[in-house]
Amino acid sequence: MKRVLLWLVTAASAVALTALLAFQFSPALQDRLFAAGARQQMARASQLPTGDDALRVVLCGTSSPLPLRQAAKACTLVVAGGKLFVVDVGPESPENLALWRIPTPNIEAVFLTHFHSDHIGELGELNMQGWAQGRRQPLKVFGPAGVDQVVGGFNAAYSFDRQYRNAHHSHGQGLLPLEAAVMAPYPADFVQPGDVPAGRTQVIYNAGGVTVTAIETDHRPVAPAFSYRFSYKGRSVVITGDTVLNDGLTAAARGADVLVSEAQAHHLQDLMANEAEAIGQKTLASVLKDTSRYHINPVEAARLANRAGVRELVYTHIAPPLVFGLLKTPWLRGVSKERPDGVTIGRDGMLITIPLDGSAIRFDQLEG
């Protein structure tokens, strides 16, 4: 028996060595294998389900400004009525969309909650990728007053890039039309800078059965700042952006199926601040402590979900970063007393399906 096993191992090794040598010294074989792999990757379909007309949410960025290798910055994708909508475009999030084969040319619009860098950092990249893959009209970008300045800045920053790509690839055939390369701002200016937050709301998008309501929220000193409610055929999801607990948001979220809420565990953030100060990083320590003034904590988000009567609460924009699983326990401290069920810590690639018939909400995972 030992001789047979030895022979099999030797034979397998010889076959593997022969294959390796053939690959190393055969350009034709190398090219065939590469072409087969390239075709397989490019032929991969989007991981978004298409078998029903449910309202869907994909978390495409769940981290805070503090770095976490496995999580992009703030970004949420909403799928409704066959259309794609993106809320915030934080750094690294377009890469996630590409890995999941989300068809970026099909994005109907982007909705910015506010203009912190971790929420807008890759707006230009998302726009460029959608254009380079076939979008034929400017990308619509909705947001608070000032969004025209933000969009204009990105358009200016990418002006050379789009000219280069047009020259590289169009060859007079209109392959990458310059008029489609830019973004078009849509300011929701019912709230003006300097206004005291009062929970005002306004429908800012209504087409194809999808209604998007901008909700004034409290992220002072950032003002105005928005949450968004997406409604489709009787189902709805609210995405908070950055905020503190406030009555206006509670009222606007009432009866939603899913609340996707940012959350920062202030007690852990303060511990990080203390450690930063202890090693002489006083500026970082001060910044970490300040953030507790303008972010909701996990217990408060659970209280918001209860008061609004939502079915599921999903945490995103998670701070401080949960670098290993055991940290979920202190991060969630006190949440179970407030809301024992219907609570989920979000992660990049989480797919939330809200069936139109009101049946159980499903949670799945997209893979890169």
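Described in the following lines is the structure provided in the data block. (Residues numbered from 1 in each chain as written. Predicted model: local features only at pLDDT ≥ 70, side-chain atom pairs only at ≥ 80, totals over all residues. Heavy atoms only, no water.)

1. Brief notes about the state of the cysteines
Here comes step 1: The final tally for this structure, using the stated rule, is one disulfide.
Here comes step 2: Disulfide partner of Cys60: Cys75, at an S-S distance of 2.5 Å. The S-S bond linking Cys60 to Cys75 shows a torsion near -70°; that makes this disulfide left-handed. Remark: Cys75 occurs in strand β2 (residues 75–80) and Cys60 occurs in strand β1 (residues 55–61); sequence separation between them is 15 residues. (Disulfide = S-S within 2.5 Å. Helix = DSSP H or I, 4+ residues; strand = E, 2+ residues; numbered from the N terminus.)

2. A few points about the packing of aromatic side chains
Here comes step 1: In total, this model carries 13 aromatic pairs according to the counting rule given.
Here comes step 2: Their ring planes at 25° and their centres at 4.8 Å tell us that Phe142 and Tyr186 sit as a pair that is stacked. One end of the pair, Phe142, is in strand β5 (residues 139–144); the other, Tyr186, is in strand β6 (residues 183–188), with 44 residues separating them in the sequence.
Here comes step 3: A residue is classified by how much of its surface remains accessible, and Phe142, at 6% relative accessible area, is buried.
Here comes step 4: When its relative accessible area of 36% is taken as the criterion, Tyr186 is described as partly exposed.
Here comes step 5: Pairing Phe226 with Tyr228 gives two aromatic rings, centres 6.1 Å apart and planes at 80°, and the pair type is edge-to-face.
Here comes step 6: What makes Phe226 buried here is its relative accessible area of 0%.
Here comes step 7: Three or more aromatic residues link up through ring pairs in this structure, and these residues are Phe85, Phe111, Phe142, Tyr186, Phe190, Tyr205, Phe226, Tyr228 and Phe230. (Phe/Tyr/Trp six-rings, centres within 6.5 Å; stacked < 30°, edge-to-face > 60°. Buried < 20%, exposed > 50% of the residue type's maximum accessible area, 1.4 Å probe, protein only.)

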